Amino acid sequence: MQLRVESAPQMRSPAYGPQGQPERLRVLWALTKPGSFATCELWIHPQGWQVQLKVNASTIAGSLHREYSPVQELADRWRVELVAKGWLTVGR
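Please read all numbers here as calculations on a predicted model, not as lab measurements. (Residues numbered from 1 in each chain as written. Predicted model: local features only at pLDDT ≥ 70, side-chain atom pairs only at ≥ 80, totals over all residues. Heavy atoms only, no water.)

What am I meant to see in the packing of aromatic side chains here?
Where two aromatic rings form a pair, the distance of their centres and the angle of their planes describe that pair. In the structure shown here, the tally under the stated rule is one aromatic pair. Note on Trp-49 and Tyr-68: the rings are 5.1 Å apart at their centroids and 70° apart in plane angle, and the pair reads as edge-to-face. With a gap of 19 residues between them, Trp-49 in strand β4 (residues 48–55) and Tyr-68 in the loop between β5 (58–65) and α1 (69–84) connect regions that are remote in the sequence. Tyr-68 matches Trp-49 in its accessibility class, with the two residues each being buried. (Phe/Tyr/Trp six-rings, centres within 6.5 Å; stacked < 30°, edge-to-face > 60°. Helix = DSSP H or I, 4+ residues; strand = E, 2+ residues; numbered from the N terminus. Buried < 20%, exposed > 50% of the residue type's maximum accessible area, 1.4 Å probe, protein only.)

Dropping the structure here:
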């Protein structure tokens, strides 16, 4: 997995986890299709914000940004792409 560091004017990252390690904040969205489950997770990281796309609990993509705005844009883009491929929203 390759991580990019990008910058855009928006909200700055809060302090990262108590041990100085990346810490998962929340799941941004979850999708499903027969036999598979996908989530997009938001993490705080020593270098900013990290977004991770996981399928069946395996990270398949990730991106690291100093600002929050590109993280949300990327998460939205991944969701749209997966829905276009037949994935369905979980529980909303």
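When you look at the nonpolar core in this model, what are you seeing that I'm missing?
Of all hydrophobic cores here, the largest spans 19 residues; its most connected members are Leu-28, Trp-29, Ala-38, Cys-40, Val-51, Trp-78 and Leu-82. Residue assignment for this core shows that the elements contributing at least two residues are β2 (23–33), β3 (36–45), β4 and α1. In terms of residues, this core owes the most to one element, α1, which gives five residues. Not counting the four nearest positions on each side in its chain, Cys-40 is found in contact with Arg-26, Val-27, Leu-28, Trp-29, Val-51, Gln-52, Ala-75 and Trp-78. (Core = buried A, V, L, I, M, F, W, Y, C linked by side-chain atoms within 4.5 Å. Contact = heavy atoms within 4.5 Å.)

Looking at this model, I keep getting lost on the pairing of β2. Mind explaining?
Along a regular strand, successive side chains alternate from one face of the sheet to the other. Sheet topology note: the β2/β3 ladder contains nine bridges and is antiparallel. Across the sheet, residue Trp-29 finds its bridge partner in β3, namely Cys-40. In this antiparallel pair of consecutive strands, β2 and β3, the connection spans two residues, and Gly-35 shows a positive phi of 85°. Of the strand pairs in this sheet, β2 and strand β6 (residues 88–89) are connected by two bridges, and their pairing is antiparallel. Each residue of the ladder has a partner; that of Leu-31, found in β6, is Thr-89. (Pairing = 2+ DSSP bridges.)

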